[in-house]
Amino acid sequence: MGNSTTDINISLEPHLVASLRDIYPLLPTQQAQELDPFLTDPLPPIIPYKILFALSQWTRTDQSLEKLKSKGLDPHAFSMISLLAGTITSPERKFGDYVPPREPEDIEADRIRERKAITVLLNALLSIAGVAFAAWWAADKTGWGNEWRVLFALFAAIVVAFAEAVLYMIWQSRQSNAPKAIRRRFAQHKKVDSVPESDSTELPQPMSEPLNEKATLRQRRR
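Note that the structure is a prediction, hence the values are computed from the model and not measured.

Participant: Tell me about the nonpolar core, and please be specific about residues and values.
Facilitator: The biggest cluster of nonpolar side chains holds 25 residues, and the ones touching the most others in it are Leu20, Leu35, Ile47 and Leu55. For this core, the secondary structure elements donating two or more residues are helix 1 (14–23), helix 2 (29–35), helix 3 (49–58) and helix 5 (80–84). The greatest single-element share of this core, amounting to six residues, is contributed by helix 3. Discounting residues that sit within four places of it in the chain, Leu55 has contacts with Leu20, Ile23, Leu27, Gln31, Leu35, Phe78 and Leu83.

Given below as structure tokens:
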């Protein structure tokens, strides 16, 4: 028995209790003492797996086979498959919800969405830098001082950054609310060409040539 099954419990179902009570008088003293707490009222809700496993191993010995046959019990009824049938493994534990792996199409769609988001952010940064430089260059042509040129470029950059942030939030909300494409497979009916009917070869009717009846004139002998 592996170490992974030493701490596993099995739900003590009514049919399992009935099978254990049938074999209880035949068990050796040590196994009977281990099984006794699980057959005494009130019955516990679970029983350790190792006790059932040891009991199943004992039923395979030659000595146990003779005892089971003398009581009219089927040895196969005490195999692990029969004992565990209809029971629950570790009912006292709460296992986490199963999270199925993501589909490859969803993973690829997320990668495309991430690349688009990075591209949008880079475009926004370039737009902010370009507008700030353009504002600095335009202020230089007006003859403003450096402090006013810096303030004007900073103000233009802030306005563009705010506009880019609003556009990015709108784009992101549309991406999150966009319905996922559902692939549908339609059954295609294969067109079966109709079997052409056998061409009936019509034999041309023989044209009967008109028989020229030759009138034979009988010459009467005078």
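Participant: Tell me what's going on with a nonpolar patch on the surface, and back it up with residues and numbers.
Facilitator: Taken together, the side chains of Trp144, Trp148, Leu151 and Phe152 make up a nonpolar region of the molecular surface, amounting to roughly 460 Å² of accessible area. For Leu151, the location among the structural elements is in helix 7 (residues 146–177). By relative accessible area, Leu151 is classed as partly exposed at 49%.

Participant: Would you mind going over the packing of aromatic side chains in detail, with residue names and values included?
Facilitator: A complete count under the given rule lists three aromatic pairs for this structure. With a centroid separation of 6.1 Å and an interplanar angle of 25°, the aromatic rings of Tyr49 and Phe53 are classed as stacked. With Tyr49 and Phe53 both in helix 3, this residue pair falls four residues apart, about one helical turn. Here Tyr49 matches Phe53 in class, with each residue buried. Above the face of the Trp136 ring, Arg149 is positioned so that its terminal group lies 3.9 Å from the ring centre.

Participant: Any details on unusual backbone geometry? Residues and values, ideally.
Facilitator: Residues other than glycine predominantly adopt negative phi, and peptide bonds predominantly adopt the trans conformation. The residue after Asp41, namely Pro42, is reached through a cis peptide bond having omega -5°. When you line up the elements, Pro42 lands in the loop between helix 2 and strand 2 (46–48). You will see that Ser90, though not glycine, has its phi angle at about 50°, which is positive. Taking the relative accessible area as the measure of exposure, Ser90 reaches 4% and is therefore buried.

Participant: Can you break down helix 1 residue by residue, with the values?
Facilitator: All buried positions along helix 1 are accounted for by Leu16, Val17, Leu20 and Ile23. Projected onto a plane normal to the axis of helix 1, the buried residues spread over an arc of 135° and lie on a single side. Its buried side turned inward, helix 1 meets strand 1 (9–11), helix 2, strand 2, helix 3, helix 4 (62–70) and helix 5.

Participant: Before we move on, can you summarise the UniProt feature "transmembrane region" (unreviewed entry) in the chain with the specific residues and values?
Facilitator: In the numbering adopted here, UniProt assigns the feature "transmembrane region" (unreviewed entry) to residues 120–139 and 151–171. Span residues 120–139 is 100% helix and 0% strand, its end C-alpha atoms 28 Å apart. Counted over residues 151–171, helix gives 100% and strand 0%. Its end C-alpha atoms are 30 Å apart.

Participant: Describe the side chain of Arg149, naming the residues involved and giving the relevant values.
Facilitator: Along the chain, the position of Arg149 falls in helix 7. According to the relative accessible area criterion, Arg149 is buried, its value standing at 9%. In this structure the side chain of Arg149 is engaged in a polar contact, spanning 3.0 Å, whose partner is the side chain of Asn146. If we ignore the near neighbours within four places in the chain, the residues touching Arg149 are Trp136, Ala139, Asp140 and Trp144.

Participant: Describe the pattern of salt bridges, and please don't skip the residues or the numbers.
Facilitator: A complete count under the given rule lists four salt bridges for this structure. A salt bridge links Asp41 to Arg21, with the nearest nitrogen and oxygen atoms 3.7 Å apart. A residue pair is termed long-range when its members are at least 10 positions apart, and Asp41 in the loop between helix 2 and strand 2 and Arg21 in helix 1 qualify at 20 residues. Note that Asp110 is salt-bridged to Arg102, the shortest N-O span being 2.0 Å.

Rules used in this analysis
- Residues numbered from 1 in each chain as written.
- Predicted model: local features only at pLDDT ≥ 70, side-chain atom pairs only at ≥ 80, totals over all residues.
- Heavy atoms only, no water.
- Core = buried A, V, L, I, M, F, W, Y, C linked by side-chain atoms within 4.5 Å.
- Buried < 20%, exposed > 50% of the residue type's maximum accessible area, 1.4 Å probe, protein only.
- Helix = DSSP H or I, 4+ residues; strand = E, 2+ residues; numbered from the N terminus.
- Contact = heavy atoms within 4.5 Å.
- Patch = residues over 30% accessible without salt bridge, like charges linked within 9 Å, V, L, I, M, F, W, Y side chains within 5 Å.
- Areas by Shrake-Rupley, 256 points an atom, 1.4 Å probe, with all protein chains shown as cover.
- Salt bridge = Lys/Arg side-chain N within 4 Å of Asp/Glu carboxyl O.
- Phe/Tyr/Trp six-rings, centres within 6.5 Å; stacked < 30°, edge-to-face > 60°.
- Lys NZ or Arg CZ within 6 Å of the ring centre and 35° of its normal.
- Arc of directions from axis to C-beta.
- UniProt positions renumbered as here; feature names shortened; annotations may be inferred.
- Polar contact = N/O pair within 3.5 Å; in protein donor to acceptor, adjacent residues only side chain to side chain.

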